[in-house]
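# Close look at the chain arrangement
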Amino acid sequence: VLPTLYGVIIVTSFFSISILNNILVKDMTNYDFSKSIMKDVTQEVLGEVEKQEYVKPYLSDSVKIKTSYYNKDDENQKQQESLITYQNTYMPSSGVLYVSESDFEVLSVYDGTITKVSEDEILGNYVEITHNNNLTTYYYSLKDIVVTEGEAVKSGTILGQSMTNKINENESSLYFEVYYQGKSLNPETFYTTNPNDLQ
């Protein structure tokens, strides 16, 4: 009787281990497959993030640059074209003055939070957007502002409409500034910068 009983136990144990092994291998195969799928999805998402860029603060084809960003390393002629004139005073431009014969929509260049909606005596109403701890953008000479302080905005969100200001009274204008770690950047160079480089 005992030898028969031992034999049954051994055979039962063998089949149980075999079945359990098949289940574990099957689960592991599914796990590996899941990991592979997640890896592909993660890579796709990261790829999309890397492809993101800043957009320009307008869409209208009629917009042109009137005053460029002042760069101390530029040639004399370029520097002269980058000076703002106000009441017989010349000041280097810390941003870009965009102009058009007609009003145009002004857009957020990137995701962020509206940290200030206020008025400047010379440049008119403006919106300040904080994008991260180091990066802030300013949009001057706005009317019909449609955002409020504390509001989260996405890249391309309409902030308001352009208008004239005291340094450019004959054309609809947007004076746009970019500050990174407290220092101004040339907006025309900034647009092609990878957002991950300005965190």
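Residues numbered from 1 in each chain as written. Predicted model: local features only at pLDDT ≥ 70, side-chain atom pairs only at ≥ 80, totals over all residues. Heavy atoms only, no water.

## Description of the packing of aromatic side chains
In this structure the tally under the stated criterion is 11 aromatic pairs. Each ring, one from Tyr-58 and one from Phe-104, has its centre 6.3 Å from the other, and the planes form 75°; the classification is edge-to-face. In this pair, Tyr-58 is assigned in the loop between helix H1 (2-51) and strand E1 (64-67) and Phe-104 in the loop between strand E4 (96-100) and strand E5 (105-107), connecting sequence segments 46 residues apart. The buried category is assigned to Phe-104, whose relative accessible area is 3%. Ring centres of Tyr-139 and Phe-176 lie 5.0 Å apart, and the angle between their planes is 45°; this geometry places the pair in the tilted category. Here Tyr-139 is found in strand E8 (residues 135-140), whereas its partner Phe-176 is found in strand E12 (residues 168-180), with 37 residues between them in sequence. Since its relative accessible area comes to 0%, Tyr-139 is described here as buried. Of the aromatic side chains, those joined through ring pairs into one cluster are Tyr-54, Tyr-110, Tyr-139, Phe-176, Phe-190 and Tyr-191. (Phe/Tyr/Trp six-rings, centres within 6.5 Å; stacked < 30°, edge-to-face > 60°. Helix = DSSP H or I, 4+ residues; strand = E, 2+ residues; numbered from the N terminus. Buried < 20%, exposed > 50% of the residue type's maximum accessible area, 1.4 Å probe, protein only.)

## Remarks on the environment of Leu-198
In this fold, Leu-198 is placed in the segment after helix H3 (187-190). Remark: the alpha-carbon pair of Leu-198 and His-131, spanning 67 residues in sequence, is separated by 9.6 Å. Apart from the residues within four sequence positions on either side, Leu-198 is in contact with Tyr-54, Asn-132, Leu-135, Tyr-180, Leu-185, Phe-190 and Thr-193. (Contact = heavy atoms within 4.5 Å.)

## Observations regarding the environment of Leu-185
Residue position: Leu-185 is located in strand E13 (residues 183-185). Take Leu-185: its relative accessible area is 24%, and that puts it in the partly exposed class. Sequence spacing of Leu-185 and Ser-94 is 91 residues, and the spatial spacing of their C-alpha atoms is 7.7 Å. Leave out the neighbours within four places in its chain, and Leu-185 touches Tyr-69, Ser-94, Val-178, Tyr-180, Phe-190 and Leu-198.

## Concerning the side chain of Ser-162
Here Ser-162 shows up in strand E11 (residues 158-165). Residue classification places Ser-162 among the buried positions, given a relative accessible area of 0%. For Ser-162, the side chain forms a polar contact with the side chain of Ser-172, separated by 2.6 Å. The contacts of Ser-162, once residues within four sequence positions are left out, are Ser-102, Asp-103, Phe-104, Val-106, Ser-141, Lys-143, Ser-172 and Ser-173. (Polar contact = N/O pair within 3.5 Å; in protein donor to acceptor, adjacent residues only side chain to side chain.)

## With respect to the pattern of salt bridges
This structure, assessed with the given rule, holds five salt bridges. For Asp-73, the salt bridge goes to Lys-72, with nearest N and O atoms at 3.5 Å. Here Asp-73 matches Lys-72 in class, with each residue exposed. For Lys-143, the salt bridge is made with Asp-103, and the minimal N-O distance between the two is 2.5 Å. (Salt bridge = Lys/Arg side-chain N within 4 Å of Asp/Glu carboxyl O.)

## Topic: the nonpolar core
Note on soluble globular proteins: their nonpolar side chains tend to be buried together. Counting residues in each nonpolar core, the largest one holds 26 residues, and the members touching the most others are Tyr-98, Tyr-139, Leu-159, Leu-174, Phe-176 and Phe-190. Secondary-structure elements contributing two or more residues to this core are E4, strand E7 (124-130), E8 and E12. The element contributing the most residues to this core is E12, with four residues. (Core = buried A, V, L, I, M, F, W, Y, C linked by side-chain atoms within 4.5 Å.)

## Here's the deal with the pairing of E4
Judged by how many residues are buried, E4 sits mostly within the fold: five of five residues are covered. Residue alternation in E4 divides its side chains into two sets, Val-96, Tyr-98 and Ser-100 and Leu-97 and Val-99, and both sets are buried. In terms of strand pairing, E1 meets E4 through three bridges, oriented antiparallel. Residue pairing across strands places Thr-67 opposite Leu-97, the latter belonging to E4. (Pairing = 2+ DSSP bridges.)

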